[in-house]
Amino acid sequence: MEVNKKQLKKQIEERIMRRFGCAPEEATQIQFYKAVCEILREMLSDKRSAFSADRKKQKAKQVYYMSMEFLTGPSLKNHAYHLGVTKALTEVLSEYNQSFADLCEMEPDAGLGNGGLGRLASCYLDALTTKAVPCTGFSIRYEFGIFKQKIVDGWQMEFPDNWLERGDVWLIPRKEDEIKVHFGGRVMESWQDGKNVVSYQDTSTVVAVPYDMLISGYDTNAVNKLVLWSAKSTDSLDMDLFSRGEYAKAMEQNSMAEAISKVLYPADDHYKGKELRLKQQYLLVSASVQTILRDFLKENDDIHMLPEKVAIHINDTHPSMCVPELMRILLDEHGLSWDEAWDICTKTLSYTNHTIMSEALEVWPVSLFSTLLPRIYQIVCEIDRRFLVFLNEKYGGDTGKINYMKILENDRVKMANLCLACCHKVNGVSALHTDILKEDVFRDFHQVMPGKFINVTNGIAYRRWLCQSNPELTSFLCELIGDGFLKNAEELEKLKAFSGDQTVLDELQKIKLKNKLRLVSYIEEHNGVHVDPASLFDVQVKRLHEYKRQLLNALHILSLYHSLLEDPGQEFQPRTFIFGAKASAGYVMAKQIIRLINCIAKEVNSNPITRDKLKVIFIEDYRVSLAELIIPAAEISEQISVAGKEASGTGNMKLMINGAITLGTLDGANVEIHQAVGDDNIFLFGMTTPEVQARQREGYDPSRMIESDPQVRRAIEYLQQGIGGADFSDLIWSLTGRGQDTYMTLADFSDYCRAQRVVQETYFDRTKFNRMSLYNIAGAGIFSSDRSVMEYCNNIWDAKPVKKGAKG
């Protein structure tokens, strides 16, 4: 975008004067922040109008991406980069003694997600916009996103994350487009003019209000949007109750409605929590699908044309009620026959599965589902009845298979099976994950619907994670290979030509050191610990879950610590182990692991024998903006989940493109990283997926590992001794109890320690290590989200980019 610095300065001055009634010289930092954000939002709005006009002229197909999570992170720096105004803004603001970097620091993370699922959804919106594919994301405007994490005496404590306090500057409310969503009540059916007419009585109605968040892309004519729904009551105040002095009760209905969009993932270990989560999911689905059809009918007369003009994508099982909700609207509001409606649904809807673990495949109790959503339940019952007819034809009464595949079983509604029965395409998110879906988790579905399953390996918004987060490396790459990689990530391959150039390898090391120094400053300020920037930075940053095996990492650190205590003079590469992770509020074992890491950190960092050689840092409140600081500084990328459990991962890709070398198992996208960089540029360890499965079939017993492997036995003994007076008997039981060590931490422990020794030996030879880093950067282009979204467009959605100014 052409930016006139003089014009930009004038816009800022006028905005501050009109908005705040003061001259720029008198304006506060927060006033500058709001003025700059509003100016960029207006630039995006102008581009959005032009892009929408082009889309309408070309009658382009629209993609709608449904996700309970969109972890967008901060937007100011991202939009400025995409609009090409970063330099101009920096210079203009400096004339008023304001720093653009400081304004970016003020912005809260829009924490509308819990981890990789939400970050992936945001990456895909960025990439679809860059590729000029018309796409709208739908989610919920959580008043409080993922919690703020504080570590108190080693324990995680959760506090509300009021991101809207400053983050609302990017939201455009559209109250005129609000949608009514109905819960509960009774379904009434009658025959009129030979048709079954359905109506609803005694429902509880909630109003969903849309807020638009504009999405920018790199070097593109497009601006897409993310629509966030906020819930409110149809009646904000009961005046009769209020006039009688019953003030709290008068506002109760509105408070109950607003609770739906209050918090991301409310605890669901009790009935009310489950009910609230189900309400959240249906509010998202119903408001979004109603809006999609309303907008479609503004431009099209024939509802049967929907699959040709609209693709609705279900990101994980949370929005799976898109299936019965679309059916409900087509049947009840448009009067279509079942077969007509089903044909439209199957051609319009597609589904991404994000998990292999059966316990994460969402199910709802029929008692709750049928009471809260009676009409949706009726439709699900009919889908299930017809699906069972199909399955009996295919499997000839094989009860075991049919029970596994049916949608309603044992008073439960199985949401993944609902998607599998309907959606025309179902994709996994890495080659290994998709193979496991086809050969194991959904094998029976694949046998009867083989053309339905497809792989699309995850990708990352690499311009954010490389170009914006690591500008020194980006500038150096531009000098070496040109700037073509800014548009096409696969041009990073050209970097391989410099693998033998010592000057290039040395410069990569210098850039890494600068990034490490920035992280060192943050750690000193926030953790109060001095870290040696010359130490090896070993990083594990991701959601805390037992299968991701932060516990394996912690046990190895504990072993290293005791090894140093026993032999302080051994040859040892100083190391800093850096963790960032949040545990779900109700996940007790995950919180225990966080406590363990923090106790180890306190012990190790304060011991004069070890503190100059070994440091452990837990960075609290891990989020997108912190990832942008940590990832460019990382040298080892810990991707150590037990093989066969991680669907893909995207942190591994972000770390890789910044030159970190993967230490990992052959799990998820690590398999494809290994293919991209080769045996010599990755540190692999542990069992493969078939080996894990074989161990499980044989009856894996962790006690045998403890008896037969001295290294494993010592690790458990160190844990049993306690750390700083803290007791970890729950963690010990999870590893050693009968039928425990579910994620085979002890089975992989010795090989993990071996791989860590190889890491140390390699780091002693910095030229070799830097060459490995170079090969990782060069091989990361395939993991661009640009590639991912175009595979979705070509192989699932049949969607095409909109050309600027082209006629239809």
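Before reading further, recall that the structure is shown in the block above.
In this report, we go over the structure that sits alongside the text. The structure presented is a predicted model; accordingly, all values stated were derived computationally and were not measured.

Turning next to the pairing of strand β18 (residues 425-428). Inspection of the sheet shows strand β14 (residues 349-352) paired to β18 by three bridges, in the parallel sense. Each bridged residue has a counterpart across the sheet, and for Y351 the counterpart in β18 is V426. Taken together, the three bridges between β18 and strand β19 (residues 453-455) define a ladder with parallel strand orientation. Looking at the pairing, N427 lines up with I454 of β19.

One pass over the full model with this rule turns up 46 salt bridges. For the salt bridge of R328 with E325, the shortest nitrogen-to-oxygen distance reads 2.8 Å. Remark: E325 and R328 occur in helix α13 (residues 322-333); sequence separation between them is three residues, near one turn of the helix. There is no split in this pair, since R328 and E325 are both buried. Where K347 meets D343, a salt bridge forms, and the shortest distance between an N and an O atom there is 3.2 Å. Of the two residues, K347 and D343 are both situated in helix α14 (residues 338-348); the distance of four residues between them amounts to about one turn of the helix.

Of the positions making up helix α19 (residues 431-441), those classed as buried are L432, H433, T434, I436, L437 and V441. Buried residues belonging to α19 abut α17 (399-405), β18, α20 (443-448), β19, α28 (670-677) and α29 (689-698).

The next point concerns a nonpolar patch on the surface. Together, V152, W155, M157 and F159 make up an exposed nonpolar region whose accessible area comes to about 340 Å². The element best represented in the nonpolar patch is strand β6 (residues 155-159), accounting for three residues. In this fold, M157 is placed in strand β6.

Definitions and cut-offs
Residues numbered from 1 in each chain as written. Predicted model: local features only at pLDDT ≥ 70, side-chain atom pairs only at ≥ 80, totals over all residues. Heavy atoms only, no water. Pairing = 2+ DSSP bridges. Helix = DSSP H or I, 4+ residues; strand = E, 2+ residues; numbered from the N terminus. Salt bridge = Lys/Arg side-chain N within 4 Å of Asp/Glu carboxyl O. Buried < 20%, exposed > 50% of the residue type's maximum accessible area, 1.4 Å probe, protein only. Contact = heavy atoms within 4.5 Å. Patch = residues over 30% accessible without salt bridge, like charges linked within 9 Å, V, L, I, M, F, W, Y side chains within 5 Å. Areas by Shrake-Rupley, 256 points an atom, 1.4 Å probe, with all protein chains shown as cover.

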